[in-house]
Amino acid sequence: MNELYYVWQGMTSPTVLMAAIAGVLWGMCGGALPGISTAIAMSLVLPFTYGMDPSAALVLLGAIYIGSEYGGSIPAILIRTPASGSSAAAVIDGYAMHRQGRGGEALGLSLVGGTIGGLIGLLLLTLSAQQLSKVALFFTPPAYFALGILGISVIASLSSGQVVKGLIAGVLGLMLATVGTDPVSGVTRYTFGYAELLGGIPVIVVMMGMFAISELMIQARERDWPEQVTERSTRLKLPSLRKLWQLRVPQFIAVVLGLIEGLTPGGGGSIAAFMSYNEAKRWSKEPEKFGKGSEEGVIAPETANNVVALTALIPTLSFGIPGTSTAAILLAALLIHGLHPGPMLFSSHPDVVYRLFGGLFVANIGMFVFGLIILSPIIWLVNRPRAFLRAGIFALIFSGIYSVDGSEFDLYLVLAIGVVGYLLRALDFPFLPFVLAVVLGYMIEANYRRSLLISNGDHLVFLQNPISACLLALAAIFVLAPLYRQLRTGRRPAADPATTPPLKG
Amino acid sequence: MKHVSTGLAALSSFAMLALTLPTHAQDRIPYPVKTVTMVMQSSPGSGGDLFLREVANTANKYLDGNFAVENVTGGSGAKAMAFTNKAPGDGSVLMGVSPTYINTSIISKPPVVYGDLQPIVRLFLDSVIVFVKSDSRFKSLTDVVNEAKKSPMGVKVAVGEPGGLETQTMVELQNKAGIKLTVISHDGGGDALMSVLNGTGDLGIGEAAELKGQLDAGAIRPIVTYSERRIAGFPDLPTAREQGIDMVVRKFRGIIGPKKVTPEVIAAWEKAVPKMLEDPAFKAWYTAGSLTPAFQPHQEFTAFINEFGANQKAFFLANNIIKD
C-alpha cells in the first residue's frame, strides 16, 4: 500500500507537479521542432537536474519524454516534416487528412490517441513493471530477427498491385541500412571514406528527406497547389467517444506492439509506430483508405509511440537497460542521483520510483490540456501563405538536421535522400517499403548474424526458438494468404494509391 | 514556429545564465574560455558517458569555465573524433576517451584518427570484469578455459560494440589459453548484459559501474577481473593472473583535444585533475564505480597513448583483424 501512497505524493507534491508541467511544455516545444529530438530536449535540461530532488528530476525528464512524443506529431501532420523517427508514421495519413482539410481532426486523433496510449502505458508500468520485465528476457537474437521479418513482411500488402516495385523499394532501403560499421566484425561498409557515414545513415535524416524534402520538391513544381489548402483553414477537432470506440482495434494493436517494443531494448518508438501502422492496415476493415487519410492510420502509430515512451521505462528501471535512446538519458539521471537501476531499485527506493509514476500521470494529463491550448496558435501559423511557410519549413529541416550531430554532411545527405524520395514518387514506386526497410534493416541484419554465431551457422535456430518460430510463421501466413486468395479468384488487385501518393494535389 | 523559436532562444539563454553563475569563481583555476563542450562518443547512460558527466560536473567546481557534455555518437567514436578535430585549440571542445577511439582508428581507418588529436590528461583505469549469470556452471576463469578446451566454440561470450576492447580481451584470452570461444558482439554493454541474463551468452564482459545494479541484486556473478591487482569493491574477486592467465587490460579514461590545443589549456587541466581526484564527492563516485585513479599529465599520457596504439596495432596485425 505504501506504493499507492508514493504515487499519490508524486501527483500532489508541488515540486513534482511543477516538474511535470514544465517538462511537458518544454517537451512539446522540443518535440515539435525538427532536429530537437526528445534526446536533445532532455539533455539540454539534464544539467539543471543535478541539484533537484531525485523524484522531481526524474519526473521532469520523463515529462519531456511524454510531451515530445506528442509534439513530434504536430509538424508531421501539418507540414509533412516528422520531427523524430517515431512521429514519421503519422505523416502518411495525418498529412493526407490535412490536405483534405481535416488536419484538425488528425491532430485531435493524435492528441487523444497519445493520451490514451500514455495512460495505458503508465498503468502497465505501475502495476506490473517487475513482472513484465521478465518478458524482455525472452527476446533473444532469433526472436528479434523474426520480429523484424514480421514487420517487413508487410511490404507485400503495402505494395499490393505492384509487388515488384515494392520489393525493389524495400531492397533499396535494406541496402541503405547496411551503410556504416558492420554490427558483428566492426569493419566499415559503403562509407567511401566519409567519417560521417561510419555510424550509418541516421533514420531521422532518411525520414525528413523522404517525407519532407520530397514533398517540398513536389510542391515547388506546382504553382496552384498552395491556394487550395489555405482556403480551408484548419481547426482542432477532438474525436467523439463513439469515434474512439470505432477505432478500438487499431488502438488495441498499438498498445500491444507498443508494449512489446518498449519491453525489448533496441526497439524504440519508430519501429513501434511503423509496425502498428502496418498491422492496423492489415487488420483493418477498410485497408484501402490507408495512405488516403485513414483515421486508423493516424491513431495507431500515435498511440503506439506514447505507449513505448512509458513501457520503455520497464527494462530501464528493472535491468538498467534502456529500451530507447531517450530512456538512456533517464538512466543517466538515475545514476547521477546515486540510484542504481536493477531488480533492487523497486525495493530499495520505492519512494522515488512510485513518485515518478505519479508525476508521469500528471504529465500525461498535462499533455492533453496543453495540447488543446497550444494547437490553435500552431494551426494559425500553418495556415499562413504557403510561400512563407515553405521557406520556413526548409530552414526548419536544415537547422533541425544540423542540430542532431552538428554535421554539415547530413545536410547534403538529407537533400540526396529527398531526391531519391522525389524520384521514387515520380516513378510511381511505393516508398513506404523503403522507409520500413531502413527502420528495420539494422535490427534484422545484426540479429540474423548473431543468431547464426550462436548456432554455429545452423539456420534451424530460427525454428527452434519458439518466439521466433511463431513470428516467422505469422509472417509467412501474411505474405502467402493474399497470394493464395489471388490465385483462387484469379483477380489482380488494382494499384493501391495508398502507398503511392499522387503527384498532383 | 517563430514564437516557439523565440521561446527556445530565451530558454537556452536562461540555461546559459544559470550555468555561468560561478560558485566560488575566485578559487577556481583560470581557464581560457567560458563555455566548454565535452564530447562523448557513446550514448547517454553508457559507462563512458557517466564518467564524462561526472568529470564535467567536478571540473565546474575547480576550473573557471562551464563544462557540459554532448554526445556525438556513431561509428564507434569516428564521428566524435572528426567533430573534435574541427574545433579550435582554445579548449572550448574536448573529448572524453577510452581505448575505443584508438581501436576504431586502427580497425575502421576513419579520416581523423587518434594521432590527429592531442592527449591532455589521463584520469582513471577502469575495471574490466567477466561475469556470468548467478546460476551458471562457471565459477572461475579456469572453469571457462577447461570447458572451452573440451568443446571448442562451445562457450559463448557476449561483448559490447564490435572491435572494442572487450572483444580484443577475449581474442587475447583465446591466444593465451589456446582455446576457441564464440564471441558475439552487441550494440553496447547493456545489450551484452541482457544477453547473459537471458542465456544467449554464457559469459559477458563489462565495467563494474555498468553492472552494479545486477551485481547487487545477485542476478549476475563476477568471475575474474583483468586488472593489475584486485579492485576496490570486489576484494574476493581474483585477477586473471591469480587464475593462471597472464593478462592485464588497461582500460584508461582520459581527456583529449584537437591537435593545436594550447599549453594554457593543458596546464589548467594538469593542475585541476589532482585536486578533482581529491574531491570528496568525486572520490565517493569513482570508488563506488571501482575506478582506479591513475592521473597522468600531458607528456606521460601522450607517451602512454603512443605506446598503447602501437601495441594495439601489433595485436590486430598478429590476429589478422587488420591487414596492414
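Residues numbered from 1 in each chain as written. Chains lettered and ligands numbered in written order. Predicted model: local features only at pLDDT ≥ 70, side-chain atom pairs only at ≥ 80, totals over all residues. Heavy atoms only, no water.

Residue and element names in this part refer to chain B. Here S43 is to be found in the loop between β1 (35-40) and α2 (47-62). S43 sits in the partly exposed class, given a relative accessible area of 35%. Counting along the chain gives 29 residues from S43 to V72, while the straight-line C-alpha distance between them is 7.9 Å. If we skip the residues at most four places from it in the chain, S43 touches D49, N71 and T73. (Helix = DSSP H or I, 4+ residues; strand = E, 2+ residues; numbered from the N terminus. Buried < 20%, exposed > 50% of the residue type's maximum accessible area, 1.4 Å probe, protein only. Contact = heavy atoms within 4.5 Å.)

All names here are of chain B. Neither face of strand β8 (residues 203-206) is exposed, since L203 and I205 on one face and G204 and G206 on the opposite face are all buried. Across four bridges, strand β5 (residues 129-133) lies against β8 in antiparallel orientation. Within β8, the position partnered with F131 by the bridge is G204. Sheet analysis places strand β6 (residues 156-159) next to β8, joined by two bridges and oriented parallel. (Pairing = 2+ DSSP bridges.)

All right, on to the confidence of the model for chain A then. Residues and elements named next belong to chain A. Mean pLDDT over chain A: 84, with 92% of residues reaching 70 or higher. By mean pLDDT, the top-scoring element of chain A is helix α24 (residues 461-464) (94), and the lowest-scoring one is helix α12 (residues 225-231) (48). Overall, residues 494-505 carries pLDDT values under 50, and its contacts beyond four positions in sequence, including any with other chains, amount to 37 contacts. (pLDDT = per-residue confidence, 0-100.)

This part takes up the interface of chain B and chain A. Taken together, the contact pairs 50 residues of chain B with 52 residues of chain A. Each partner contributes to the roughly 4,200 Å² buried at the junction of chain B and chain A, and carbon and sulfur atoms together form 69% of this total. If you look at where chain B meets chain A, you find zero salt bridges. At the junction of chain B and chain A, the tally comes to four residue pairs in polar contact (both at pLDDT 80 or more). Secondary-structure elements contributing two or more residues to the side of chain B that touches chain A are α1 (2-20), α2, α3 (78-86), β7 (182-185), α7 (189-197) and α8 (208-216) of chain B. Top contributing element to the side of chain B that touches chain A by residue count: α1(B), with seven residues. The residue makeup of the side of chain B that touches chain A, split by class, is 25 nonpolar, 15 polar and ten charged. (Buried area = accessible area lost by both parts, 1.4 Å probe. Salt bridge = Lys/Arg side-chain N within 4 Å of Asp/Glu carboxyl O. Polar contact = N/O pair within 3.5 Å; in protein donor to acceptor, adjacent residues only side chain to side chain. Nonpolar A, V, L, I, M, F, W, Y, C, P; charged D, E, K, R; others polar.)

All names here are of chain B. Ordered in space as β7-β6-β8-β5-β9, the five strands form an open sheet in which the pairing is mixed. The sheet is open, and its two edges are formed by β7 and β9 (220-225), each paired on a single side. Across the sheet, the axes of successive neighbouring strands diverge by a mean angle of 30°, strand direction being ignored. Note that β6 and β7 share four bridges and pair parallel. Within the sheet, the bridge partner assigned to V157 lies in β7 and is V183. (Axes fitted to C-alpha atoms, helices over the stretch in contact; angles between N-to-C directions.)

Right, let's talk about the packing of helix α15 (residues 269-283) of chain A against helix α16 (residues 295-311) of chain A for a bit. Residues and elements named next belong to chain A. Their axes nearest at 8 Å, the elements α15 and α16 cross at an angle of 145°. Handedness of the crossing formed by α15 with α16: right-handed. Residue-level inspection shows G269, A272, A273, S276, Y277 and A280 of α15 in contact with α16, the latter providing G297, A300, P301, A304, N305 and V308. Residue composition of the contact of α15 with α16, by class: eight nonpolar, four polar and no charged. (Left-handed = near helix turned anticlockwise from the far one by under 90°.)

All right, on to the sheet that holds β1(B) then. All names here are of chain B. As summarised here, the arrangement of the six strands in space is β2-β1-β3-β10-β4-β11, forming an open sheet in which the pairing is mixed. Because the sheet does not close on itself, it has two edges, and the strands there are β2 (66-71) and β11 (292-296). Adjacent strand axes in the sheet meet at a mean angle of 25°, parallel and antiparallel pairs treated alike. Alignment of strand β3 (residues 93-97) against strand β10 (residues 251-258), held across three bridges, turns out to be antiparallel. Directly across from V97, in β10, lies its bridge partner G254. Here α2 sits on the sheet and contacts β1, β2, β3, β4 (117-126) and β10; the angle it forms with β2, its principal contact strand, is near 165°.

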